[in-house]
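Coordinates in review
Listed here are the chains, written in short residue letters.
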Amino acid sequence: MPRRTAAVTALALAGLLATAAPAATAPTTARTAPAATAAAPDIPLANVKAHLTQLQSIAGANGGNRAHGRPGYKASIDYVKAKLDAAGFTTSVQQFTSNGATGYNLIADWPGGDANQVLMAGAHLDSVSSGPGINDNGSGSAGVLETALAVSRAGLKPAKHLRFAWWGAEELGLVGSKHYVANLPATERSKLSGYMNFDMIGSPNPGYFVYDDDPVIEKTFKDYFTGIGVATEIETEGDGRSDHASFKNVGIPVGGLFTGASRTKTAAQAQKWGGTAGQAFDRCYHSSCDTTANISDTALDRNSDALAHAVWTLSAGTTEPPTGDTYENTADVTIPDNGTAATSSVTVSGRTGNAPSALKVGVDIVHTWRGDLVVDLVAPDGTAYRLKNSSGNDSADNVRETYTVDASSESANGTWQLRVQDVAQYDTGYISGFSLTF
C-alpha cells in the first residue's frame, strides 16, 4: 500500500496505540532466558514487492516475459537462486525437457530438522509468453522467497526439515512439478509431510481462498485469517490446475492459498472482501498487463504473512533462545510521532568486567510504520550502537528482533538504554519491551 495511504488508514489504530502506551514505570528485572516457541515474523511487504520489481525488470530485458524455454525464465531462476545461496540454503537446479526446450526447477533446503519429516512450500516461477507474469505467478514466487529468507534471518531451527521450491513450465501443464514428483524415489516421497502451493496471491480484485485438501494445512490457514478478521472461502477455480496436484495425485498432503484469476467476483464476495463485483479477480490474467501495477498490496501482504505463519506452525519451528542472564524492562513507552527520541532503560548490576562481544539486544516495538524508526542501543557511558536505520522502503509494521552487539569495550554494569526515534509524520507506536542478555 502506498506510504501515506497506509498512514491515513492507520490513523485510528495509531491513536489507540498512543493512548495505550504510558511512560515507563516498571523496574528492570533479571532472569535466565527460557526456551520459547517462536512466532512467525511479519513478512515485509516492501521486500516481497522488491522481488516483483526484479522479476518485472527481468521480463522487460528478455522479450517481455519469463516463459518456459525463454531467457527470462532462466534469469528468474538465477535471481532466486542467488538470494537463497547467500542466505545459507542448499540449492539445486533440476533440469527437464518440454516442448523441445530445457526447463528448470529450483529446490532449496534449509539445513537441519528431521529429514524423515519434510515440509515443502512452492510456487511456479514461469509466466505465460504473453506477459511478465507478476501476479501469475511472481506473487507466489516472491512470497515463498521472502519467507525462505525470513527463515534464514531468524536462524529458524524447525522440528521438521524445510524445503522450498520454484517450478518451471507450470503454464504448460504442471510439467516441472510433475517431473520432480515422478523422479522422487518412493522412500523420499514418504518423507513429505505436506506440500503448500502459492499460485497467485496478489490479485488486484482479490478474494481470499484456501485449499480444502489436507485438513491440518487448511485449518492452519483459516485460523490465521480468522485471527486477522478476514473471511475465507474454499478455493475451487484452480483446483487441480496448479502444482499441488502433482503432489496430491501421489498421496502427499497438500494445501495452499489463492486470490482468484479470471472468474468474476460476486456481489456477496465484494461485500465480504471489498473490491468490485462483476469484475474478474484478475482482469490481467495471462495478459501483457500482468505487471507490477497488477497487484493488490493488501492481499500480497496478508497472504505472505499467512504463508510464513504456516511454515513456522507446521514445521514446529523454534529459534535458539539467547542463553545467559537477561535483564529486561517490559513497560510501554510512547514514541512521539516525528518527534524526540523515546527511551527504555535497563539497569545492570552485580556483574564483573565488561559486557560480552555478543551482547543480545531484544527489541519489541509496536508501530504502524517501522520504516520511520531509528533504533540505537546506548551504553552506560553514552556510546550509541546503531541497531536499525530508517528506510522509506520498509513498509512493514512493528520491530520484533534480537540484535547482536559487540559491547566488549563497555562496562557491563550501569544503565543501558534503548533509544527509538520516529523521523517522519503520520505514524504512532510504542516500545513494548527491551532486554539485554549477557
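Everything below is about the structure shown above.
These notes cover the structure that comes with them.

What counts and what doesn't
- Residues numbered from 1 in each chain as written.
- Predicted model: local features only at pLDDT ≥ 70, side-chain atom pairs only at ≥ 80, totals over all residues.
- Heavy atoms only, no water.
- Helix = DSSP H or I, 4+ residues; strand = E, 2+ residues; numbered from the N terminus.
- Buried < 20%, exposed > 50% of the residue type's maximum accessible area, 1.4 Å probe, protein only.
- Contact = heavy atoms within 4.5 Å.
- Areas by Shrake-Rupley, 256 points an atom, 1.4 Å probe, with all protein chains shown as cover.
- Expected span 1.5 Å × (residues − 1).
- Arc of directions from axis to C-beta.
- Polar contact = N/O pair within 3.5 Å; in protein donor to acceptor, adjacent residues only side chain to side chain.
- Lys, Arg positive; Asp, Glu negative; His and termini not counted.
- Salt bridge = Lys/Arg side-chain N within 4 Å of Asp/Glu carboxyl O.

1. As for the overall build of the protein chain
- Of regular secondary structure, the protein chain possesses eleven helices and 20 strands.
- Within the protein chain, buried positions represent 52% of all 438 residues.
- For the protein chain, the share of sequence-separated contacts (at least 6 apart) that also reach a separation of at least 24 residues comes to 79%.
- Summed over its atoms, the accessible surface of the protein chain is roughly 17200 Å², and 50% of this surface lies on carbon and sulfur atoms.

2. Describing unusual backbone geometry
- Between Asp136 and the following residue, Asn137, the backbone shows a cis peptide bond with an omega angle of 5°.
- Examined against the element boundaries, Asn137 turns out to sit in helix 5 (residues 134-154).
- One non-glycine residue, Tyr426, lies in positive phi territory at about 85°.

3. Brief notes about helix 8 (residues 215-227)
- Compared with the 18 Å implied by 1.5 Å per residue over 13 residues, the 18 Å span of helix 8 between its first and last C-alpha is a close match.
- Those residues of helix 8 that fall on the buried side of the exposure criterion are Ile217, Glu218, Thr220, Phe221, Tyr224 and Phe225. The arc that holds every buried residue of helix 8, seen down its axis, measures 160°, which confines them to one face. Set apart from the buried face of helix 8 by more than 90 degrees, the exposed residues are Pro215, Val216, Thr226 and Gly227.
- Those residues of helix 8 that are buried are in contact with strand 7 (192-198), strand 8 (209-210), strand 9 (233-234), strand 10 (254-258) and helix 11 (297-314).
- If you check the start of helix 8, you find a side-chain oxygen 3.2 Å away from the backbone N of Val216, and it comes from Asp214.
- Two residues or fewer after helix 8 comes Gly229, characterised by a positive phi angle close to 75°.

4. Some thoughts on the side chain of Asp136
- Inspection of the secondary structure assignment puts Asp136 in helix 5.
- For the buried Asp136, no salt bridge is present, and the opposite-charge side chain at shortest range is Arg241, 7.5 Å distant.
- In terms of polar contacts, Asp136 uses its side chain to reach the side chain of His124, at 3.0 Å.
- The contact partners of Asp136, leaving out residues within four places of it in the chain, are His124, Asp126, Ser127, Glu171, Asp199, Met200, Tyr285, His286 and Asp290.

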